[in-house]
Amino acid sequence: LADGPLKGKHVIVTSGPTHEPIDPVRYIANRSSGAQGTALARAISAQGAEVTFVTGPADVSPPTGVKVVRVKTAKQMLDAVQDALPADAAVFAAAVADWHVANASDSKMKKTKGGMPDLEFAENPDILATVSQMTKGRPELVVGFAAETDDVIAHATAKRDRKGCDWIVANDVSPETGIMGGDENAVTVISDAGADSWPRMDKDTVARQLAAKIAEALT
Ligand code: C5P
(Lines give C-alpha, C1' and ligand atoms only; values in the text may rest on other atoms or scores of the structure.)
Protein backbone atom coordinates (compact mmCIF):
# COMPACT_ATOMS: atom_id res chain seq x y z
CA LEU A 1 0.00 0.00 0.00
CA ALA A 2 1.15 3.50 -0.83
CA ASP A 3 2.01 5.95 1.91
CA GLY A 4 -0.39 8.86 2.08
CA PRO A 5 -3.14 10.67 3.94
CA LEU A 6 -5.62 7.79 3.44
CA LYS A 7 -3.39 5.17 5.10
CA GLY A 8 -5.53 2.97 7.36
CA LYS A 9 -8.76 3.95 5.57
CA HIS A 10 -10.92 1.54 3.59
CA VAL A 11 -12.66 2.91 0.51
CA ILE A 12 -15.14 1.03 -1.71
CA VAL A 13 -15.32 2.10 -5.37
CA THR A 14 -17.92 0.77 -7.83
CA SER A 15 -17.25 1.03 -11.55
CA GLY A 16 -18.31 -0.08 -15.00
CA PRO A 17 -21.68 -1.17 -16.36
CA THR A 18 -23.84 -4.01 -15.12
CA HIS A 19 -25.12 -6.84 -17.32
CA GLU A 20 -28.67 -8.00 -16.70
CA PRO A 21 -29.41 -11.44 -18.20
CA ILE A 22 -32.27 -12.14 -20.59
CA ASP A 23 -31.29 -15.81 -20.87
CA PRO A 24 -27.97 -17.70 -20.49
CA VAL A 25 -26.51 -16.12 -23.64
CA ARG A 26 -28.13 -12.67 -23.83
CA TYR A 27 -28.08 -9.60 -21.60
CA ILE A 28 -29.00 -5.94 -21.32
CA ALA A 29 -26.06 -3.58 -20.78
CA ASN A 30 -24.93 0.02 -21.23
CA ARG A 31 -21.92 1.75 -22.78
CA SER A 32 -20.00 2.57 -19.59
CA SER A 33 -16.28 1.87 -20.13
CA GLY A 34 -15.32 2.00 -16.46
CA ALA A 35 -12.61 4.59 -17.23
CA GLN A 36 -13.51 7.22 -14.61
CA GLY A 37 -14.17 4.64 -11.85
CA THR A 38 -10.89 2.88 -12.57
CA ALA A 39 -8.95 6.16 -12.53
CA LEU A 40 -10.60 7.04 -9.22
CA ALA A 41 -9.76 3.70 -7.60
CA ARG A 42 -6.14 4.11 -8.72
CA ALA A 43 -5.95 7.68 -7.38
CA ILE A 44 -7.55 6.77 -4.03
CA SER A 45 -5.18 3.83 -3.66
CA ALA A 46 -2.25 6.15 -4.43
CA GLN A 47 -3.33 8.26 -1.42
CA GLY A 48 -2.67 5.21 0.79
CA ALA A 49 -6.20 3.77 1.18
CA GLU A 50 -7.09 0.11 1.07
CA VAL A 51 -9.50 -0.01 -1.89
CA THR A 52 -12.17 -2.59 -2.64
CA PHE A 53 -12.96 -2.17 -6.33
CA VAL A 54 -16.33 -3.65 -7.26
CA THR A 55 -16.54 -3.70 -11.02
CA GLY A 56 -19.06 -4.77 -13.62
CA PRO A 57 -17.83 -6.05 -17.00
CA ALA A 58 -15.76 -2.97 -17.99
CA ASP A 59 -13.59 -2.27 -21.07
CA VAL A 60 -10.55 -1.15 -19.07
CA SER A 61 -8.46 -3.33 -16.73
CA PRO A 62 -8.73 -2.73 -12.99
CA PRO A 63 -5.83 -0.95 -11.30
CA THR A 64 -3.15 -2.96 -9.52
CA GLY A 65 -2.84 -2.85 -5.74
CA VAL A 66 -6.59 -2.89 -5.06
CA LYS A 67 -8.92 -5.73 -4.06
CA VAL A 68 -10.94 -6.49 -7.21
CA VAL A 69 -14.43 -8.00 -6.93
CA ARG A 70 -15.94 -8.80 -10.32
CA VAL A 71 -19.71 -8.84 -10.67
CA LYS A 72 -22.21 -8.84 -13.51
CA THR A 73 -25.63 -7.74 -12.23
CA ALA A 74 -26.80 -4.85 -10.06
CA LYS A 75 -27.97 -7.32 -7.43
CA GLN A 76 -24.51 -8.92 -7.32
CA MET A 77 -22.93 -5.45 -7.12
CA LEU A 78 -25.08 -4.56 -4.10
CA ASP A 79 -24.18 -7.88 -2.41
CA ALA A 80 -20.46 -7.30 -3.08
CA VAL A 81 -20.65 -3.75 -1.67
CA GLN A 82 -22.46 -4.98 1.44
CA ASP A 83 -19.88 -7.78 1.88
CA ALA A 84 -17.08 -5.19 1.61
CA LEU A 85 -18.47 -2.99 4.40
CA PRO A 86 -17.48 -1.48 6.78
CA ALA A 87 -15.72 1.31 4.92
CA ASP A 88 -14.67 4.87 5.68
CA ALA A 89 -15.86 6.05 2.28
CA ALA A 90 -17.79 4.65 -0.67
CA VAL A 91 -17.60 6.10 -4.16
CA PHE A 92 -20.26 4.90 -6.60
CA ALA A 93 -19.01 5.48 -10.12
CA ALA A 94 -20.73 2.45 -11.68
CA ALA A 95 -23.41 2.87 -14.36
CA VAL A 96 -25.85 0.48 -12.76
CA ALA A 97 -28.76 -0.73 -14.92
CA ASP A 98 -32.06 0.62 -13.65
CA TRP A 99 -33.95 -2.57 -14.45
CA HIS A 100 -33.42 -6.31 -14.75
CA VAL A 101 -35.47 -8.83 -16.67
CA ALA A 102 -37.86 -10.33 -14.13
CA ASN A 103 -38.74 -13.32 -16.31
CA ALA A 104 -35.22 -14.16 -17.51
CA SER A 105 -35.10 -17.66 -18.94
CA ASP A 106 -32.87 -20.46 -17.57
CA SER A 107 -32.45 -21.87 -21.08
CA LYS A 108 -31.73 -20.08 -24.35
CA MET A 109 -34.89 -18.51 -25.71
CA LYS A 110 -35.90 -19.91 -29.09
CA LYS A 111 -36.78 -17.82 -32.08
CA THR A 112 -40.38 -18.61 -32.88
CA LYS A 113 -41.93 -17.56 -36.17
CA GLY A 114 -43.75 -14.27 -35.73
CA GLY A 115 -43.50 -14.40 -31.95
CA MET A 116 -41.49 -11.80 -30.04
CA PRO A 117 -40.19 -12.44 -26.53
CA ASP A 118 -42.34 -11.01 -23.79
CA LEU A 119 -39.75 -9.47 -21.45
CA GLU A 120 -40.95 -8.18 -18.12
CA PHE A 121 -38.81 -5.69 -16.25
CA ALA A 122 -38.37 -5.09 -12.55
CA GLU A 123 -36.47 -2.33 -10.76
CA ASN A 124 -32.90 -2.95 -9.60
CA PRO A 125 -31.76 -2.03 -6.11
CA ASP A 126 -30.26 1.46 -5.91
CA ILE A 127 -26.85 0.78 -4.36
CA LEU A 128 -25.99 4.44 -3.75
CA ALA A 129 -29.33 5.16 -2.03
CA THR A 130 -29.18 1.92 -0.01
CA VAL A 131 -25.73 2.68 1.41
CA SER A 132 -26.43 6.42 1.87
CA GLN A 133 -29.51 5.63 3.94
CA MET A 134 -27.97 2.94 6.18
CA THR A 135 -28.88 3.67 9.78
CA LYS A 136 -26.00 1.60 11.20
CA GLY A 137 -22.46 1.41 9.85
CA ARG A 138 -22.89 3.99 7.10
CA PRO A 139 -19.53 5.06 5.64
CA GLU A 140 -18.51 8.50 6.85
CA LEU A 141 -18.42 9.78 3.25
CA VAL A 142 -20.70 8.55 0.45
CA VAL A 143 -20.12 9.94 -3.04
CA GLY A 144 -22.41 9.50 -6.03
CA PHE A 145 -22.15 10.52 -9.68
CA ALA A 146 -24.71 12.15 -11.91
CA ALA A 147 -24.51 12.29 -15.68
CA GLU A 148 -26.95 14.90 -16.92
CA THR A 149 -27.68 16.58 -20.23
CA ASP A 150 -29.54 19.68 -19.02
CA ASP A 151 -29.93 21.78 -15.87
CA VAL A 152 -26.95 19.84 -14.51
CA ILE A 153 -26.67 21.56 -11.13
CA ALA A 154 -30.42 21.59 -10.37
CA HIS A 155 -30.88 17.95 -11.34
CA ALA A 156 -27.77 16.80 -9.50
CA THR A 157 -28.70 18.75 -6.36
CA ALA A 158 -32.13 17.09 -6.38
CA LYS A 159 -30.45 13.70 -6.88
CA ARG A 160 -28.16 14.29 -3.89
CA ASP A 161 -31.18 15.01 -1.68
CA ARG A 162 -33.15 12.06 -3.01
CA LYS A 163 -30.35 9.53 -2.56
CA GLY A 164 -29.00 10.90 0.71
CA CYS A 165 -25.32 10.88 -0.26
CA ASP A 166 -22.80 13.48 0.91
CA TRP A 167 -21.43 14.57 -2.46
CA ILE A 168 -22.63 14.27 -6.01
CA VAL A 169 -20.07 14.60 -8.78
CA ALA A 170 -22.09 15.91 -11.69
CA ASN A 171 -21.14 16.20 -15.32
CA ASP A 172 -22.74 17.32 -18.55
CA VAL A 173 -22.81 14.42 -20.99
CA SER A 174 -24.55 16.28 -23.82
CA PRO A 175 -23.10 15.02 -27.13
CA GLU A 176 -21.62 18.44 -27.96
CA THR A 177 -19.38 18.29 -24.85
CA GLY A 178 -17.58 15.18 -26.17
CA ILE A 179 -17.23 14.05 -22.54
CA MET A 180 -18.95 10.67 -22.85
CA GLY A 181 -16.33 8.25 -24.12
CA GLY A 182 -13.76 11.07 -24.27
CA ASP A 183 -10.55 11.63 -22.28
CA GLU A 184 -11.69 14.82 -20.57
CA ASN A 185 -14.32 15.69 -18.04
CA ALA A 186 -15.77 18.88 -16.54
CA VAL A 187 -17.39 18.19 -13.18
CA THR A 188 -19.30 20.07 -10.53
CA VAL A 189 -18.98 18.74 -6.99
CA ILE A 190 -22.17 19.27 -5.02
CA SER A 191 -21.95 19.07 -1.24
CA ASP A 192 -23.30 20.83 1.84
CA ALA A 193 -20.96 23.66 0.90
CA GLY A 194 -22.78 24.21 -2.41
CA ALA A 195 -21.81 23.60 -6.03
CA ASP A 196 -18.12 23.79 -6.95
CA SER A 197 -17.49 23.70 -10.72
CA TRP A 198 -14.05 22.52 -11.78
CA PRO A 199 -12.49 23.49 -15.10
CA ARG A 200 -12.37 20.91 -17.87
CA MET A 201 -9.41 18.54 -17.45
CA ASP A 202 -8.47 14.96 -18.29
CA LYS A 203 -10.21 12.16 -16.38
CA ASP A 204 -7.02 11.14 -14.52
CA THR A 205 -6.65 14.68 -13.18
CA VAL A 206 -10.32 14.73 -12.12
CA ALA A 207 -9.68 11.44 -10.31
CA ARG A 208 -6.56 12.75 -8.54
CA GLN A 209 -8.31 15.95 -7.42
CA LEU A 210 -11.31 14.00 -6.16
CA ALA A 211 -9.01 11.60 -4.28
CA ALA A 212 -7.29 14.60 -2.65
CA LYS A 213 -10.68 16.06 -1.69
CA ILE A 214 -11.72 12.70 -0.20
CA ALA A 215 -8.47 12.56 1.79
CA GLU A 216 -9.15 16.07 3.09
CA ALA A 217 -12.68 15.09 4.16
CA LEU A 218 -11.60 11.92 5.97
CA THR A 219 -8.61 13.28 7.86
O1 C5P B 1 -30.12 7.78 -10.52
P2 C5P B 1 -28.87 7.73 -11.30
O3 C5P B 1 -28.59 6.40 -11.91
O4 C5P B 1 -28.66 8.86 -12.26
O5 C5P B 1 -27.74 7.97 -10.18
C6 C5P B 1 -26.40 7.86 -10.47
C7 C5P B 1 -25.63 7.48 -9.22
O8 C5P B 1 -26.31 6.45 -8.50
C9 C5P B 1 -24.27 6.92 -9.53
O10 C5P B 1 -23.43 7.25 -8.45
C11 C5P B 1 -24.53 5.42 -9.60
O12 C5P B 1 -23.38 4.67 -9.36
C13 C5P B 1 -25.56 5.25 -8.50
N14 C5P B 1 -26.51 4.14 -8.71
C15 C5P B 1 -26.44 2.98 -7.92
N16 C5P B 1 -27.37 1.98 -8.08
C17 C5P B 1 -28.34 2.10 -9.02
C18 C5P B 1 -28.42 3.26 -9.83
C19 C5P B 1 -27.49 4.25 -9.65
O20 C5P B 1 -25.54 2.88 -7.08
N21 C5P B 1 -29.21 1.11 -9.17
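The rules behind these values
- Residues numbered from 1 in each chain as written.
- Predicted model: local features only at pLDDT ≥ 70, side-chain atom pairs only at ≥ 80, totals over all residues.
- Heavy atoms only, no water.
- Core = buried A, V, L, I, M, F, W, Y, C linked by side-chain atoms within 4.5 Å.
- Buried < 20%, exposed > 50% of the residue type's maximum accessible area, 1.4 Å probe, protein only.
- Helix = DSSP H or I, 4+ residues; strand = E, 2+ residues; numbered from the N terminus.
- Contact = heavy atoms within 4.5 Å.
- Near = heavy atom within 4 Å.
- Polar contact = N/O pair within 3.5 Å; in protein donor to acceptor, adjacent residues only side chain to side chain.
- Areas by Shrake-Rupley, 256 points an atom, 1.4 Å probe, with all protein chains shown as cover.
- Nonpolar A, V, L, I, M, F, W, Y, C, P; charged D, E, K, R; others polar.
- Salt bridge = Lys/Arg side-chain N within 4 Å of Asp/Glu carboxyl O.

Visitor: Looking at this model, I keep getting lost on the nonpolar core. Mind explaining?
Guide: In a soluble, globular protein the nonpolar side chains are often hidden away together inside. Residues Val-13, Ile-44, Val-51, Val-91 and Ile-214 are the most contacted members of the largest nonpolar core, which totals 30 residues. Of all the elements in the fold, those that place two or more residues in this core are strand S1 (10–15), helix H1 (35–46), strand S4 (50–55), strand S6 (89–92), strand S9 (141–148), strand S10 (167–172), strand S12 (187–191) and helix H5 (203–218). Considering each element in turn, this core owes the most residues, 7 residues, to H5. Those residues within four positions of Val-91 in sequence are excluded, and the remaining contacts are Val-11, Ile-12, Val-13, Thr-14, Leu-40, Ile-44, Val-143, Phe-145 and Ile-214. In this structure, Ile-12, Ala-94, Ala-156 and Cys-165 belong to the second largest nonpolar core, which totals 24 residues.

Visitor: Sorry, what's going on with the site of the ligand here?
Guide: Looking at the ligand, the residues that line it are Phe-92, Ala-94, Val-96, Pro-125, Asp-126, Ile-127, Leu-128, Gly-144, Phe-145, Lys-159 and Lys-163. One of the backbone N or O atoms of Ile-127 is found 3.0 Å from a nitrogen atom in the ligand. Between the ligand and Leu-128, the relevant distance is 2.8 Å, taken from an oxygen atom to a main-chain nitrogen or oxygen of the residue. Within the complex, the protein chains bury 83% of what would otherwise be the 450 Å² of accessible surface of the ligand. Going through the elements one at a time, helix H3 (127–132), S9 and helix H4 (152–163) are the ones with two or more residues in the shell around the ligand. Classifying every residue of the shell around the ligand by side-chain character gives 7 nonpolar, 1 polar and 3 charged.

Visitor: Where do I start with the environment of Gly-4 in this structure?
Guide: Within the element layout of this structure, Gly-4 appears in the segment before S1. Spatially, the C-alpha atoms of Gly-4 and Ala-49 are 7.8 Å apart, while their sequence positions differ by 45 residues.

Visitor: Help me understand the pattern of salt bridges in this model?
Guide: Considering all chains together, one arrives at 8 salt bridges under this definition. A salt bridge links Lys-163 to Asp-126, with the shortest nitrogen-to-oxygen separation between them at 2.6 Å. Placement of the pair is Lys-163 in helix H4 and Asp-126 in the loop between strand S8 (121–123) and H3, with a sequence separation of 37 residues. When its relative accessible area of 17% is taken as the criterion, Lys-163 is described as buried.

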